[in-house]
Structure formats: structure tokens, C-alpha cells
Amino acid sequence: YTQQALTEELAALGRLVAESESGAFDTDTAAETIGALAQDTATKLIRAVPVLVEAPVEIEVVTPEGARTVSFALLLFPGLLMMGMIFAAQGLAEDLWQERDMGVLRRLRSTTVSLVSLLAARGTAAAVVLLAVATPLAVVGFARLGLPFSRLVPSLLWLTLSGLLLHALAGTIQVMAPSRRAAALFSTLVFFPLMLVGGSFFPFESMPDFLAAIGRLTPNGMMLEPLKGALIGTGQTSDFVLPLLAALAGIAALTGLTAWRLSTFFLAR
């Protein structure tokens, strides 16, 4: 850009250098040339000052209505809540092996109570436990981060639903494993990567785009995104519709698979 703006001046200066090297240097002519160069250069610089000082493009930052100033702690907070749901869901699902070893499931088969009813009762009890786990964590986080408590109850209900989905997945893993120790190992191998890429260890915003896209497709990542948007203030109510339907369908499918496995292979071991 300097060469384009000062093309004539640089050419005149080049001629002066060539004349001095060839010995055909005229002092009077050189003085006039240098004076003209200084005047023309100064004029162009004065004209360029407004462009150099003031940016030709103005950037306006628009904050959506109701949005909050987002800190790293606020981005990580929903993921930590989801991590608590994962740990609680894993622990609750392990009770299936205890009930099998104590003979509860075998005695149940001699009654008119179906395995689906048992799993539904277990899911209800799990919902109470998950809500009890999420409540103190959420209250402390809301108070510490200054979040509006009007969003506390909906957030707890959403976390409970998320925990039920994870509990159904953990239960399926438990009954598919050949032993109690193998079930614990398989559960860790499944849920640890889910926490890693699902926004519990690192917010999606700090991940590479391709890894964040994968994380949003995981069960916990799918449930995490609308919750985070609601807490930050950038989400919409419609963001909950598809995850809600997917969660309900997932719970139903996993519960049915667990019931089938219980009635066929799990009790025969």
C-alpha cells in the first residue's frame, strides 16, 4: 500500500540515488526534488490520517434480550450437574445385580407382577433419588453464579428426566454384562467417554467443532444443550421439544430391552 500511495515520490527518490551513484548529481536540482518530495509526501499523509485513525468498519455487538454475561464457570455448571446425574444413575442401576443375587427377581417371577412394572417402580424411585441429588447441587450453583431461581424447578425436572434416560441406559448395560464385575467395567467404559465428550469435563464451546458436534449427539450432551441455553438466557422453549421426545423414546426402548433381557438370560445365570 505504501508503494501504491507514494509511487511518484519513490520513483523520484530512485532517480536521485541513481544520479548520485553515476556522478551526475546536481545539488540545486536535488534540493528542489527533495523539497517537492517532502511536500507531496506530507500532503498524502495528512489526507490518510483520518483513514488510519478511524476504522472504516464499525462493529456493533448485539446481546439478545435476557442473555447473561457468560463465564467459564457458567458454561461448565450444567455439565457438572449432568455429571452428578451420570454417577447417580450408574449407582442405582447396579442394584439389579444385588436384587438378582438376593433372589428378589426370581421370587418376583412367581407373582403376577410383570418385570415392566418392577422397572417402572425402580424408575420412580430413581427419579426421587436423582431429584434429591440434583437439588443441593443446583441450589448452590444458582446462588453462587447469580442465576434466577425462577429457573430452578424447571432445571431440576429436566435434570431428573436426563437422569432417568441415563439410568435406563445404565440398567441395560448391567443386564447385558456376563457378571457383576464386567457390568461395572462396561458401565465405566461407556459413561466415562460420554462425560468426556458430552460437556461434563469441558464445555462444548471450548472443544474443537467436530468433537463438540459429536458430544451434542450423546444422550447427556443432547439433554445438556437446551438446559445450558435456558440458564444462560439464549435458549428457546422449542429447544426442549426434540430432546424431550428423544428422551422419552429412549427410556421406553431401553426399559423394554432391559425387561426382555431380565426375563430371558439375566435370571438364568
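The notes below deal with the structure included here. Just so you know, these numbers come straight off a predicted model, no measurement behind them.

A few words now on the overall build of the protein chain. Per the secondary structure count, the protein chain includes twelve helices and zero strands. Counting from the amino terminus, helix and strand elements in the protein chain follow one another as α-α-α-α-α-α-α-α-α-α-α-α. Taking 269 residues into account, the globule formula puts the C-alpha radius of gyration at 18 Å, and the protein chain, at 34 Å, lies well above it. On the principal axes, the C-alpha backbone points of the protein chain span a range of 120 × 40 × 30 Å. Every one of the 269 residues in the protein chain was classed for burial, and the buried ones make up 38%. About 15500 Å² of surface is accessible on the protein chain, with carbon and sulfur atoms providing 67% of the total. If you average the places of the 17 positive and of the 20 negative side-chain charges in the protein chain, the two averages end up 33 Å apart.

Below, the discussion takes up the packing of aromatic side chains. Under the definition given, this model contains four aromatic pairs. Relative to Phe240, the ring of Trp158 has its centre 4.9 Å away and its plane inclined at 90 degrees; by these criteria the two rings are edge-to-face. Within this pair, whereas Trp158 is found in helix 8 (residues 152–176), its partner Phe240 is found in the loop between helix 11 (219–232) and helix 12 (241–264), the two being separated by 82 residues in sequence. Note on Phe240: relative accessible area 22%, which makes it partly exposed. One aromatic cluster in this structure is built from Phe77, Phe142 and Phe149.

Turning our attention to helix 4 (residues 72–93). In a regular helix each residue adds 1.5 Å, so 22 residues correspond to 32 Å; helix 4 covers 32 Å between its end C-alpha atoms and thus fits that length. Of all 22 residues in helix 4, 17 are buried, a share of seventy percent or more.

What follows concerns the environment of Lys44. With respect to the helices and strands, Lys44 occurs in helix 3 (residues 27–53). Classification of Lys44 by relative accessible area gives partly exposed; the value is 29%. Separated by 184 residues in the primary sequence, Lys44 and Lys228 place their C-alpha atoms 54 Å from one another. When sequence neighbours within four positions are dropped, the list of residues in contact with Lys44 reads Ala5, Leu6 and Glu9.

Taken together, the side chains of Glu19, Asp26, Asp28 and Glu32 define an acidic patch exposed on the protein surface. Here Glu19 shows up in helix 2 (residues 7–22). Residue class for Glu19 comes out partly exposed when judged on its relative accessible area of 32%.

All right, on to a nonpolar patch on the surface then. Residues Met176, Leu257, Trp260 and Phe265 make up a contiguous nonpolar surface patch of about 360 Å² in total accessible area. If you trace the backbone, Leu257 turns up in helix 12. Looking at Leu257, the relative accessible area reads 33%, which means it is partly exposed.

Glancing now at the packing of helix 2 against helix 3. The geometry of helix 2 relative to helix 3 is characterised by a closest axis approach of 10 Å and an angle of 160 degrees between their N-to-C directions. In terms of orientation, helix 2 and helix 3 fall into the roughly antiparallel class. In this structure, helix 2 crosses over helix 3, and the sense of that crossing is left-handed. Facing helix 2, whose interface residues are Glu9, Ala12, Leu13 and Leu16, helix 3 presents Ala30, Thr33, Ile34, Leu37, Asp40, Thr41 and Lys44. When grouped by side-chain class, the residues that make up the contact of helix 2 with helix 3 number six nonpolar, two polar and three charged.

The rules behind the values
Residues numbered from 1 in each chain as written. Predicted model: local features only at pLDDT ≥ 70, side-chain atom pairs only at ≥ 80, totals over all residues. Heavy atoms only, no water. Helix = DSSP H or I, 4+ residues; strand = E, 2+ residues; numbered from the N terminus. Rg over C-alpha atoms; globule rule 2.2 N^0.38 Å. Buried < 20%, exposed > 50% of the residue type's maximum accessible area, 1.4 Å probe, protein only. Areas by Shrake-Rupley, 256 points an atom, 1.4 Å probe, with all protein chains shown as cover. Lys, Arg positive; Asp, Glu negative; His and termini not counted. Charge placed at Lys NZ, Arg CZ, Asp CG, Glu CD. Phe/Tyr/Trp six-rings, centres within 6.5 Å; stacked < 30°, edge-to-face > 60°. Expected span 1.5 Å × (residues − 1). Contact = heavy atoms within 4.5 Å. Patch = residues over 30% accessible without salt bridge, like charges linked within 9 Å, V, L, I, M, F, W, Y side chains within 5 Å. Salt bridge = Lys/Arg side-chain N within 4 Å of Asp/Glu carboxyl O. Axes fitted to C-alpha atoms, helices over the stretch in contact; angles between N-to-C directions. Parallel < 35°, antiparallel > 145°, perpendicular 65-115°, else oblique. Left-handed = near helix turned anticlockwise from the far one by under 90°. Nonpolar A, V, L, I, M, F, W, Y, C, P; charged D, E, K, R; others polar.

The values are spatial; any link to function lies outside them.
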